[in-house]
Amino acid sequence: MGTTTNAWNNVYFAGSTYTITLSSDWNITGTVTFGNTSLLSFSAGANLFNPTGSISTLATGGTAGCTLPNSITIVNLTLAGLTGFNANTINITGNLNNNYVGAGAATTLISGTTLLNLTGTGTWNYSAGADGIIQSNIAINTSGTITISGTIRIQSNTITYTAGTVITTGSTLVLYSACTLNTGTMPWNDILFATNGSMAMTISSNLTLSGTFTIGGAATVSGAFNVYCNNCTINNSTSGAISVVVTMSQTVYVTNTLTFGFSSNGTGANGATFYVGGNLTLGTGGGANSGTSNIFLIGTGSITGNNFLGHPLTINTGGKITIPTSFTIVSTFVYTNGIVDAKNATLTCGVAASSQTLTNMHKIAWKTVTVVSTATLSMNQFFNGLPSKRTVIQPSS
């Protein structure tokens, strides 16, 4: 194809397979549209496929796609149908739009080896009801502003942030299996990972959220970096008598609330360290929220819920921690500093544990302490209470 004289305006590939040989650069200033099953490739050569307007895919069935002979720079990429792009990079100076609406279940929308690089000022947008999953790698490297809007769904890819202003207010990033986030100080809003199953993700830099980091299922989060979030929820995908433990390797700084939710048999986390500036919310099914992850309460807040706590717990705060009327802990419990309001609380310890270490419990004025008769407690000093109101110590039976 020779196109040396004029730039083309709009080009539409109607459902077929095309292999094009360029005898000169192919300049397209308008919109390149891929029909239902349009598959485009190019014979080897030195000439460029050079669309500079926008690319869009149609919403009807089939899979459209293109193997790019070179990297291209366009304004907008709009995805309404299933698409695959391979090789090189698509630099997007405007918007990345997902308009694909499937049959009520998330479906792979765009895949392939092409890097989608957001380089300008625009919106990464999922329209109302859109549920397409992006599997292509995505980079944000701009001197402008990228606004992320709606519910973004990704799987088996990497998102990399290098530069630019990113606004994520009100958005949710949904991660499916085998995702990598390398986004550093870029502030995500909410992240929802692994709503079902044993999925894995990796963070290769610190991860920052202004909203809630929710991890469901028996997920694994790899990467020894820090996570900074307003809330963190370790949450089984469905309520029921299944114990679900997340495996993590991060230090997680939670400004507000750490929640272990759903599942009557409890959810928990192994391998992480949580620093919580507010509340610790346990499940309410009567199971155990257990794991090896250490929890440090460092702010002002409350412990709520009636599940047993099976994570090592330390209270070391300049604020005030309020204990619920019934609190059962089956792991190591250390008090270091701060005000602890336990005047109405019954502490139960030694449940499901042959031995348990409790440190500085004499500095907390418990209303009542219940000790399981078969347990062995290791304490630096016995329970005490206040001179005006001694703690009542009683066996479990």
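The following paragraphs examine the structure supplied in this document. Note that this is a predicted model, so its numbers are computed, not measured. Residue positions are counted from 1 within each chain, in the order its sequence is given. Given that this is a predicted model, residues contribute local features only at a pLDDT of at least 70 and side-chain atom pairs are listed and counted only at 80 or more, while totals for whole chains, interfaces and linings are drawn from all residues. Hydrogens and water are ignored here; the side-chain numbers use all heavy atoms of the structure.

1. Focus on the overall build of the chain
Then comes step 1: Counting from the N terminus, the helices are DSSP H or I runs at least four residues long and the strands are E runs at least two residues long. Within the chain one finds 0 helices and 48 strands.
Then comes step 2: For the chain, the proportion of contacts with a sequence separation of at least 24, taken over those separated by at least 6, is 32%.
Then comes step 3: When the accessible surface of the chain is summed, it comes to about 15500 Å², and 50% of that surface belongs to carbon and sulfur atoms. Between two residues, a contact is recorded if the distance between any of their heavy atoms is within 4.5 Å. Using the Shrake-Rupley algorithm and a 1.4 Å probe, accessible areas are obtained, with residue cover drawn only from the displayed protein chains.

2. Here we look at the pattern of salt bridges
Then comes step 1: When a carboxyl oxygen of Asp or Glu lies within 4 Å of a side-chain nitrogen of Lys or Arg, that pair is called a salt bridge. Tallying each qualifying case throughout the model produces 2 salt bridges.
Then comes step 2: Residue D341 is joined to K320 by a salt bridge in which the shortest nitrogen-to-oxygen separation is 4.0 Å. Of the two residues, D341 is situated in strand 41 (residues 333-341) and K320 in strand 39 (residues 313-322); the sequence distance between them amounts to 21 residues.
Then comes step 3: Partly exposed residues are those whose accessible area sits between 20% and 50% of the maximum for their type, while under 20% is buried and over 50% is exposed, using a 1.4 Å probe and protein chains only. Using a relative accessible area of 17% as the deciding quantity, one classes D341 as buried.
Then comes step 4: A salt bridge links K343 to D341; the shortest N-O distance between them is 3.0 Å.

3. Looking at the environment of N316
Then comes step 1: With respect to the helices and strands, N316 occurs in strand 39.
Then comes step 2: Sequence separation between N316 and Y335 is 19 residues; the distance between their C-alpha atoms is 6.5 Å.
Then comes step 3: The contact partners of N316, leaving out residues within four places of it in the chain, are L297, I298, T336 and N337.

4. Focus on the side chain of S293
Then comes step 1: Inspection of the secondary structure puts S293 in the loop between strand 35 (288-290) and strand 36 (294-297).
Then comes step 2: Within polar-contact distance, the side chain of S293 engages the backbone nitrogen of N270 at 3.5 Å.
Then comes step 3: From its side chain, S293 meets the backbone nitrogen of A272 in a polar contact 2.9 Å long. Distance and chemistry together define a polar contact, namely a pair of N or O atoms within 3.5 Å, with one atom able to donate a hydrogen and the other to accept it when in protein, and with adjacent residues in sequence counting only for side-chain atoms on both sides.

5. What about the packing of aromatic side chains?
Then comes step 1: Stacked, tilted and edge-to-face are the three classes assigned to paired rings of Phe, Tyr and Trp, where Trp is represented by its six-membered ring and a pair needs centres within 6.5 Å; plane angles under 30 degrees give stacked, over 60 edge-to-face, the rest tilted. Taken as a whole, this structure holds 13 aromatic pairs when the rule is applied.
Then comes step 2: Through a chain of ring-to-ring contacts, the aromatic side chains of W8, F13, Y18, W26, F34, F42, F49 and F85 assemble into a single cluster.

6. Here's the deal with the nonpolar core
Then comes step 1: The definition of a nonpolar core used throughout is a set of buried Ala, Val, Leu, Ile, Met, Phe, Trp, Tyr and Cys residues joined through side-chain atoms within 4.5 Å. One finds W124, F274, F327 and W366 to be the most contacted residues of the largest nonpolar core, which totals 98 residues.
Then comes step 2: With residues near it in sequence (within four places) discarded, W366 still touches I323, F327, F333, A342, A345, L347, M361, F383 and T391.

7. Some points on the pairing of strand 31 (residues 251-261)
Then comes step 1: Here 9 bridges tie strand 29 (residues 226-235) to strand 31, and the two strands are oriented parallel to one another. From the neighbouring strand, C229 faces strand 31, where its bridge partner is V254.
Then comes step 2: One requirement defines pairing of two strands: DSSP has to find at least two bridges between them. With 4 bridges connecting them, strand 31 and strand 33 (residues 273-276) associate as parallel partners. Counted as the bridge partner of T251 is T273 from strand 33.

8. Details of the pairing of strand 36
Then comes step 1: Burial of the side chains of strand 36 is restricted to one face: I295 and L297 are buried, whereas none of N294 and F296 on the reverse face is.
Then comes step 2: The pairing of strand 33 with strand 36 spans 4 bridges and is classified as parallel. Directly across from T273, in strand 36, lies its bridge partner N294.
Then comes step 3: One ladder, built from 3 bridges, connects strand 36 with strand 39; its direction is parallel. Across the sheet, I295 pairs through a bridge with L313, a residue of strand 39.

9. Description of the environment of V11
Then comes step 1: Assignment of secondary structure puts V11 in strand 1 (residues 11-13).
Then comes step 2: Residues V11 and T29, 18 residues apart in the sequence, show an inter-C-alpha distance of 9.4 Å.
Then comes step 3: When residues no more than four places from it in sequence are discounted, the contact partners of V11 are W26, I28, T31, V32 and T33.

10. Some points on the state of the cysteines
Here a disulfide denotes one covalent bond, and it connects the sulfur atoms of two cysteines.
Then comes step 1: Any pair of cysteine sulfurs within 2.5 Å is marked as a disulfide. The full count for this structure, using the stated rule, is 0 disulfides.
Then comes step 2: A disulfide-free cysteine, C229 has its sulfur positioned 4.8 Å from the sulfur of C232, the nearest such atom.
Then comes step 3: Given the relative accessible area of 2%, C229 is considered buried.

11. Focus: the side chain of N117
Then comes step 1: Looking at where N117 falls in the secondary structure, it is placed in strand 15 (residues 115-118).
Then comes step 2: Classification of N117 by relative accessible area gives buried; the value is 13%.
Then comes step 3: When near neighbours in sequence (up to four residues on either side) are disregarded, N117 contacts T89, I90, N91, I92, A139, I140 and N141.

12. Here's the deal with the environment of I55
Then comes step 1: Locating I55 in the fold gives a position in strand 7 (residues 54-57).
Then comes step 2: Separated by 21 residues in the primary sequence, I55 and N76 have C-alpha atoms spaced 6.4 Å apart.
Then comes step 3: With near-sequence residues (within four places) excluded, I55 lies in contact with V32, F34, I72, I74, N76, L77, T78 and F85.

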